[in-house]
Amino acid sequence: MQKFPMTAEGLAKLEEELKHLKGEERPAVIRAISEARAHGDLSENAEYHAARERQSFIEGRIAELETVIPSVEVIDVAKLSGDQVKFGARVTIVDEESDEEKTYRIVGAHEADMKAGSISLSSPLAKALIGKKVGDSVEVPAPGGARAYEITDVRFR
């Protein structure tokens, strides 16, 4: 069985999402399908088709979470330290061209969220950063050409 590395917070979010989907979303979409069926002809019933599509998405996500959650290997980031970039690290990098500074946390694939500053361990940027230290430069392939970054800080908190 494949294990998925994840932080304790990431696992808690997935468990909460599963609880929400099963306890609230699933019953709501079942009610919506019943209401739409009551309107008659299903072939031209947009509400019915939209509810069935939503149901399909919800059931697919529930199945995915029920597969992933038992396979999670929780890594306690609080016990990690050092100056090398590894899973759980918050890494501050500076774009060597634009001097733009960004901070990312390296997490498991199922908890990555660019908007929240979390990148997947398997992303090109994380792969380039793993094993490096403050002061190191990394080159990351990008659609517009390779980008160079300098690591300015590595923290575990």
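To be clear, the structure that these remarks concern was listed above.
Residues numbered from 1 in each chain as written. Predicted model: local features only at pLDDT ≥ 70, side-chain atom pairs only at ≥ 80, totals over all residues. Heavy atoms only, no water.

**Let's talk about the pairing of strand E6 (residues 137–140)**
On a regular strand, each side chain points to the face opposite its neighbour's, so the side chains alternate between the two faces of the sheet.
Move 1: Only one face of E6 is covered, namely the face carrying Val138 and Val140; the face carrying Ser137 and Glu139 is uncovered.
Move 2: Relative to strand E7 (residues 147–155), E6 runs antiparallel, the two sharing four bridges. Bridge pairing links serine 137 to glutamate 150 in E7.
Move 3: Count of turn residues in the E6/E7 antiparallel hairpin: six residues, of which glycine 145 carries a positive phi of about 115°. (Buried < 20%, exposed > 50% of the residue type's maximum accessible area, 1.4 Å probe, protein only. Helix = DSSP H or I, 4+ residues; strand = E, 2+ residues; numbered from the N terminus. Pairing = 2+ DSSP bridges.)

**Some thoughts on the pairing of strand E3 (residues 90–95)**
Move 1: In terms of burial, E3 is a largely internal element, five of the six residues being buried.
Move 2: In the sheet, E3 pairs with strand E4 (residues 101–107) via five bridges, with the strands oriented antiparallel. Its bridge partner lying in E4, arginine 90 is registered against arginine 105.
Move 3: Pairing analysis gives six bridges linking E3 to E7, with the strands arranged antiparallel. Its bridge partner being in E7, arginine 90 is matched across the sheet by arginine 155.

**Side note on the nonpolar core**
Move 1: Val85, Val91, Ile93, Ile106, Leu125, Leu129 and Ile151 are the most contacted members of the largest nonpolar core, which has 18 residues in total.
Move 2: Put simply, the parts of the chain that give this core at least two residues each are E3, E4, helix H3 (124–129), E6 and E7.
Move 3: Sort the elements by how many residues they give to this core and H3 lands first, with four residues.
Move 4: In this view, isoleucine 93 contacts Glu100, Glu101, Lys102, Tyr104, Leu125, Leu129, Tyr149, Glu150, Ile151 and Thr152; residues no more than four positions away in its chain are not counted.
Move 5: Within the second largest apolar cluster, 17 residues are counted, among which are Phe4, Leu21, Ile58 and Ile69. (Core = buried A, V, L, I, M, F, W, Y, C linked by side-chain atoms within 4.5 Å. Contact = heavy atoms within 4.5 Å.)

**Observations regarding the pattern of salt bridges**
Move 1: Overall, the coordinates contain nine salt bridges when judged by the stated rule.
Move 2: With a closest N to O distance of 2.8 Å, arginine 61 and glutamate 17 form a salt bridge. Of this pair, arginine 61 sits in helix H2 (residues 46–68) while glutamate 17 sits in helix H1 (residues 8–37), and the two are 44 residues apart along the sequence.
Move 3: For glutamate 17, a relative accessible area of 27% gives the class partly exposed.
Move 4: One connected set of salt bridges, linked through shared partners, spans Glu17, Arg61 and Glu64. (Salt bridge = Lys/Arg side-chain N within 4 Å of Asp/Glu carboxyl O.)

**As for the sheet that holds E6**
Move 1: Taken together, five strands build an open sheet; the order of strands is E5-E4-E3-E7-E6 and the sheet is mixed. Of all the strands in the sheet, the pair left with one neighbour each is strand E5 (118–120) and E6. Ignoring which end each strand starts from, the neighbouring axes of this sheet average 45° apart.
Move 2: As paired strands, E4 and E5 are joined by three bridges and run parallel to one another. Within E5, the residue paired with arginine 105 across the bridge is serine 118. (Axes fitted to C-alpha atoms, helices over the stretch in contact; angles between N-to-C directions.)

**Things to note about unusual backbone geometry**
With the exception of glycine, the majority of residues adopt a negative phi angle, and the majority of peptide bonds are in the trans configuration.
Move 1: Although it is not a glycine, aspartate 99 sits at a positive phi angle of roughly 60°.
Move 2: Topologically, aspartate 99 is positioned in the loop between E3 and E4.

**Details of H1**
Move 1: Its 30 residues place the ends of H1 42 Å apart at the C-alpha level, agreeing with the 44 Å of an ideal helix rising 1.5 Å per residue.
Move 2: Buried within H1 we find Gly10, Leu11, Leu14, Leu18, Leu21, Val29, Ile33 and Ala36.
Move 3: Each element contacted by the buried residues of H1 is listed here: strand E1 (4–6), H2 and strand E2 (72–74). (Expected span 1.5 Å × (residues − 1).)

What is shown is where atoms sit, not what they do.
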